[in-house]
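# Commentary on secondary and tertiary structure
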Amino acid sequence: MRKLKFFEKIMFFCNSVVAFALLLSFLLPLLPPKTFAALSVLGLGVPILILLNALFFVYWLVKIKKQLLLSLLVLVIGYFSFGSLYKFSESKTVEDDNNISIMNYNVRLFNLYKWIPSEETEENLVNFIKTEAPDILALQEYHPRESTKLSFYKYKYEKLLGKKKKYGQAIFSNYPIINSGSIEFPNTFNNAIYIDIIKDKDTIRVYNIHLQSLRIDPKVENLSTKESEKLFIGIGKTFKMQQFQTELFLKHKNKCNYKTIICGDFNNTAFSYVYKQVKANLNDTFKEAGNGFGRTYNFKFFPMRIDFIFADPAFRINSFKTYDVEYSDHFPVMTKVSLE
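Let us look at the structure shown here. (Residues numbered from 1 in each chain as written. Predicted model: local features only at pLDDT ≥ 70, side-chain atom pairs only at ≥ 80, totals over all residues. Heavy atoms only, no water.)

## Let's talk about the side chain of Asn208
In this fold, Asn208 is placed in strand S7 (residues 202-210). Here Ala170 takes part through its backbone oxygen, which lies 3.1 Å from a polar atom of the side chain of Asn208. If we skip the residues at most four places from it in the chain, Asn208 touches Asn104, Ala138, Leu139, Gln140, Gln169, Ala170, Ile171, Asn191, Ala192, Ile193, Cys263 and Gly264. (Helix = DSSP H or I, 4+ residues; strand = E, 2+ residues; numbered from the N terminus. Polar contact = N/O pair within 3.5 Å; in protein donor to acceptor, adjacent residues only side chain to side chain. Contact = heavy atoms within 4.5 Å.)

## Topic: the pairing of strand S8 (residues 259-265)
Burial runs high along S8: 6 of the 7 residues are buried. Bridge count for S7 against S8 is 7 bridges, and the pairing is parallel. Bridge pairing links Ile209 to Gly264 in S8. When S8 meets strand S10 (residues 307-311), the two strands line up antiparallel, connected through 5 bridges. By the bridge assignment, Cys263 is partnered in S10 with Ile309. (Buried < 20%, exposed > 50% of the residue type's maximum accessible area, 1.4 Å probe, protein only. Pairing = 2+ DSSP bridges.)

## Comments concerning the packing of aromatic side chains
For the structure shown, the criterion picks out 21 aromatic pairs. Look at Phe299 and Phe302: their rings are 5.3 Å apart centre to centre, the planes differ by 80°, and that puts the pair in the edge-to-face class. By the burial criterion, Phe299 is buried, and Phe302 matches it. In this structure an aromatic cluster arises from ring pairing among Phe110, Tyr142, Phe152, Tyr153 and Phe172. (Phe/Tyr/Trp six-rings, centres within 6.5 Å; stacked < 30°, edge-to-face > 60°.)

## Quick look at helix H7 (residues 121-132)
Side chains of residues three or four places apart in an α-helix project in the same direction, reflecting 3.6 residues per turn. Relative to the 16 Å expected for 12 residues at 1.5 Å per residue, H7 spans 17 Å between its end C-alpha atoms, a close match to the ideal helical length. Along H7, the residues classified as buried are Thr121, Glu122, Leu125, Val126, Phe128 and Ile129. One side of H7 carries all its buried residues, which in axial view fall inside an arc of 150°. The elements touched by buried residues of H7 are strand S1 (100-106), helix H6 (108-111) and strand S2 (136-142). Positioned one or two residues after H7, Ala133 has a phi angle of 50°, which is positive. (Expected span 1.5 Å × (residues − 1). Arc of directions from axis to C-beta.)

## Details of the sheet that holds strand S9 (residues 283-284)
Reading across from one edge, S5-S6-S7-S8-S10-S9 is the order of the 6 strands in this open sheet, with mixed pairing throughout. The strands lining the two open edges of the sheet, one partner per strand, are strand S5 (177-184) and S9. Bridging between S5 and strand S6 (residues 191-199) involves 7 bridges; their strand directions are antiparallel. Following the sheet pairing, Ile177 is matched in S6 by Ile197.

## Focus on the pattern of salt bridges
By the definition in use, this model includes 13 salt bridges. Close ionic contact of Arg205 with Asp196 constitutes a salt bridge, the shortest N to O distance being 2.3 Å. We note that Arg205, like Asp196, is buried. Sharing partners across several salt bridges, the network here consists of Lys114, Glu119 and Glu122. (Salt bridge = Lys/Arg side-chain N within 4 Å of Asp/Glu carboxyl O.)

## Here we look at the side chain of Thr296
For Thr296, the position within the fold is in the loop between helix H10 (285-289) and S10. Those residues in contact with Thr296, other than ones at most four positions away along the chain, are Met304, Arg305, Ile306, Asp307, Asp329, His330, Phe331 and Val333.

## Here we look at the sheet that holds strand S12 (residues 333-339)
Read across the open sheet, the 6 strands follow the order S3-S4-S2-S1-S12-S11; overall the sheet is mixed. Of all the strands in the sheet, the pair left with one neighbour each is strand S3 (155-161) and strand S11 (315-322). Within the sheet, the average angular offset between the axes of one strand and its neighbour, ignoring direction, is 15°. Sheet analysis places S11 next to S12, joined by 7 bridges and oriented antiparallel. Looking across to S12, one finds that Arg316 is bridged to Ser338. (Axes fitted to C-alpha atoms, helices over the stretch in contact; angles between N-to-C directions.)

## Considerations on the packing of helix H1 (residues 6-25) against helix H5 (residues 68-82)
The N-to-C vectors of H1 and H5 enclose an angle of 10°; their axes lie 10 Å apart at closest approach. With respect to each other, H1 and H5 are oriented roughly parallel. Between H1 and H5, the contacting residues are Phe12, Asn15, Ser16, Ala19, Leu22 and Leu23 on the first element and Leu70, Ser71, Val74, Leu75 and Ile77 on the second. A per-class count over the contact of H1 with H5 returns 8 nonpolar, 3 polar and no charged. (Parallel < 35°, antiparallel > 145°, perpendicular 65-115°, else oblique. Nonpolar A, V, L, I, M, F, W, Y, C, P; charged D, E, K, R; others polar.)

Honestly, it's all geometry; don't read function into it.
In structure tokens form, the structure reads like this:
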């Protein structure tokens, strides 16, 4: 530090703060939000913290200063703990006659309230689904107004809440549904639903889970003071609700003996407590076969991956794709899996 110039000392101080914040965020998946709610907001900012540490590393590298070791060490710890924020490998694609294609999509009520000005948004969204034709389709923020246009699916299960304007979650399937149900989350329109399908001689459980929303506006031009205050005031309550909802979900899921696929909008990142709890020993299909940032939420400031498809280890994960179509505030994702 003595050999650093005044400006470099300021830079290293900032570097130290950012490095410590990123290091602290690596502990968040281990800390229940009910106990450490205020810290949970760091999980949403991990992509920014990673980027800042990478920039500090490059800064010190250019200057040929040993201070580069600080951010490098923290980034290496993060890589071995969570993997890379950005997947540089090409998407995996394996064609298999036994492939089951599963799409997850938060459709934002099929643009019921015209958040997207185009009058063709609803039609484009449905046509997109028809074109991709997943065998199983899990929808969050589903509204029955478009259900007739999805009638090409032989089977479906939907759970709708509300009195005048009903909406909720739905799962459509090309495979016979022999059982279905809902896991109710108290005091919210969010919930989890499930279906049991028959594929050849196997019974497969498919979950569709929608955890409590942070209600962040993806279109704000900047994070104003008011917006930031709203985020921090509500963060504790929201993450506590997500933990409680996850506990209800896992209580139900742990009673299931079938091979399982979990789809959903977690309203939280892969650096969160709820992600770690729900994923458990399952495989994140993006990490196994995807590439890039894998962003699933159209947030302006940094890529947010908050929608996931997890698969039982009994499945081979043969492909994964994130679609860059703006028919909702979320981007659809699809994976193809086959049984070992």
